[in-house]
Amino acid sequence: KAGVTQTPRYLIKTRGQQVTLSCSPISGHRSVSWYQQTPGQGLQFLFEYFSETQRNKGNFPGRFSGRQFSNSRSEMNVSTLELGDSALYLCASSLTPGLAGGPDTQYFGPGTRLTVL
Amino acid sequence: SQQGEEDPQALSIQEGENATMNCSYKTSINNLQWYRQNSGRGLVHLILIRSNEREKHSGRLRVTLDTSKKSSSLLITASRAADTASYFCATPDYNKLIFGAGTRLAVHP
């Protein structure tokens, strides 16, 4: 099976612009999660989608949004970019829907490196 | 907020030596997972240990879990230069994982 793919791999934007990142999960996986990784804050959860529904969102401003399509592919959007949004954005998919006991193995994509100038 | 906290933050060893990383967490968990990240790349799942397990092996990896102390350890035996990476523990919180700050492991030839 193909792994999780993310596009683009690298992106350079300027402050005030917006950006859309894409993630294709492993075939058959319906849960997609997004994480932001920065040197200062580490890995932080952004949001999770299952069956086109956002089920959970991390502590990020409303400039960060996402969606999931019927084929489980997901996109995240960041509007009005700030310098602090520079980060590695990781997408992960999992087979189990993440019930009260939490998700089992999450499979991560290679990430999108976003640089905001 | 970070649930898992790894110790040490950085570890430097020679090839062939063993590397031990520790993780502490705060709340009750269903399972604990370890991931590896090579420089600036995606995370690779290494091993998952459930709350009713005390020890688990996978190749050169050995993970222990002590739920009474809310801690876990990852042991890499006979390390290789290719093991150079950052290692993270992660605990589930409903439908997301909460990661620790990670341990940076450098294995020198």
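Structure report, in brief. These numbers come from a predicted model, not from an experiment. (Residues numbered from 1 in each chain as written. Chains lettered and ligands numbered in written order. Predicted model: local features only at pLDDT ≥ 70, side-chain atom pairs only at ≥ 80, totals over all residues. Heavy atoms only, no water.)

1. Looking at the interface of chain B and chain A
Here comes step 1: Across the contact, 20 residues belong to chain B and 26 residues belong to chain A.
Here comes step 2: Taken over both partners, the interface formed by chain B and chain A buries close to 1800 Å², and the fraction arising from carbon and sulfur atoms is 51%.
Here comes step 3: Three residues stand out in chain B for area buried against chain A, namely Leu43(B), Tyr94(B) and Asn95(B), and they jointly supply 33% of the buried area on that side.
Here comes step 4: Linking chain B with chain A are 0 salt bridges.
Here comes step 5: Listed by contribution, the elements that provide at least two residues to the side of chain B that touches chain A are strand E4 (31-37), strand E5 (43-50), strand E9 (85-93) and strand E10 (96-99) of chain B. (Contact = heavy atoms within 4.5 Å. Buried area = accessible area lost by both parts, 1.4 Å probe. Salt bridge = Lys/Arg side-chain N within 4 Å of Asp/Glu carboxyl O. Helix = DSSP H or I, 4+ residues; strand = E, 2+ residues; numbered from the N terminus.)

2. Digging into the sheet that holds strand E7 (residues 61-66) of chain B
Residue and element names in this part refer to chain B.
Here comes step 1: In spatial order, the strands read E1-E3-E8-E7-E6; together these 5 strands make up an open sheet with antiparallel pairing. The sheet is open, and its two borders are formed by strand E1 (5-7) and strand E6 (55-58), each paired with just one other strand. The mean angle between the axes of side-by-side strands here comes to 20°, regardless of whether they run parallel or antiparallel.
Here comes step 2: Where E7 lies against strand E8 (residues 71-76), 6 bridges are found, and the strand directions are antiparallel. Among the inter-strand pairings, Val63 is bridged to a residue of E8, identified as Leu74. (Pairing = 2+ DSSP bridges. Axes fitted to C-alpha atoms, helices over the stretch in contact; angles between N-to-C directions.)

3. Digging into the packing of aromatic side chains
Here comes step 1: Under the defined criterion, the tally for this structure stands at 9 aromatic pairs over all chains.
Here comes step 2: Pairing Tyr35(A) with Phe108(A) gives two aromatic rings, centres 5.6 Å apart and planes at 45°, and the pair type is tilted. Residue Tyr35(A) is found in strand E4 (residues 31-38), and its partner Phe108(A) is found in strand E10 (residues 107-108); the two are separated by 73 residues along the sequence.
Here comes step 3: According to the relative accessible area criterion, Tyr35(A) is buried, its value standing at 0%.
Here comes step 4: With a centroid separation of 6.4 Å and an interplanar angle of 90°, the aromatic rings of Phe88(B) and Phe99(B) are classed as edge-to-face. Taken together, the residues span a long stretch of sequence, with Phe88(B) in strand E9 and Phe99(B) in strand E10 at a distance of 11 residues. Residue Phe88(B) shares its accessibility class with Phe99(B), and that shared class is buried.
Here comes step 5: Taken together through their ring pairs, the aromatic side chains of Tyr35(A), Phe45(A), Phe108(A), Tyr35(B), Phe88(B) and Phe99(B) make up a single cluster. (Phe/Tyr/Trp six-rings, centres within 6.5 Å; stacked < 30°, edge-to-face > 60°. Buried < 20%, exposed > 50% of the residue type's maximum accessible area, 1.4 Å probe, protein only.)

4. What to know about the layout of surface pockets
Here comes step 1: Here the largest pocket is characterised by a volume of approximately 480 Å³.
Here comes step 2: Those elements that provide at least two residues to the lining of the largest pocket are E4 and strand E5 (42-50) of chain A together with E9 and strand E11 (103-108) of chain B.
Here comes step 3: Across the lining of the largest pocket, the residue classes tally to 6 nonpolar, 15 polar and 2 charged. (1 Å grid on protein atoms, 1.4 Å probe; cavity = no way out; pocket = protein on both sides within 12 Å on 5 of 7 lines; lining within 4 Å. Points joined across faces, edges and corners; volume = space filled by probe spheres on them. Nonpolar A, V, L, I, M, F, W, Y, C, P; charged D, E, K, R; others polar.)

5. Comments concerning the state of the cysteines
Here comes step 1: A full pass over the atoms with the stated rule returns 2 disulfides over all chains.
Here comes step 2: Each sulfur in the disulfide pair Cys23(A) and Cys91(A) lies 1.7 Å from the other. Across the S-S bond of Cys23(A) and Cys91(A) the torsion is about -55°, and the bridge reads as left-handed. On the criterion of sequence distance, the pair formed by Cys23(A) in strand E3 (residues 19-24) and Cys91(A) in strand E9 (residues 87-94) is long-range, its members being 68 residues apart. In terms of burial, Cys23(A) and Cys91(A) fall into one category: buried.
Here comes step 3: The residue that forms a disulfide with Cys23(B) is Cys89(B), at a sulfur-sulfur distance of 2.1 Å. One disulfide, between Cys23(B) and Cys89(B), carries an S-S torsion of 70° and so falls in the right-handed class. Note that Cys23(B) is positioned in strand E3 (residues 19-24) and Cys89(B) in strand E9, a separation of 66 residues in sequence. (Disulfide = S-S within 2.5 Å.)

6. Notes on the pairing of E9(B)
Residue and element names in this part refer to chain B.
Here comes step 1: Within E9, 8 of the 9 residues are buried, leaving the element largely enclosed by the surrounding structure.
Here comes step 2: For E9 and E11, the ladder comprises 3 bridges, and the chain directions are antiparallel. Its bridge partner being in E11, Ala85 is matched across the sheet by Leu105.
Here comes step 3: As paired elements, E9 and E10 share 4 bridges and run antiparallel to each other. Within E10, the residue paired with Ala90 across the bridge is Phe99.
Here comes step 4: With antiparallel pairing between neighbouring strands as the criterion, E9 and E10 make up a hairpin whose turn holds 2 residues, including Tyr94 at a positive phi of roughly 55°.

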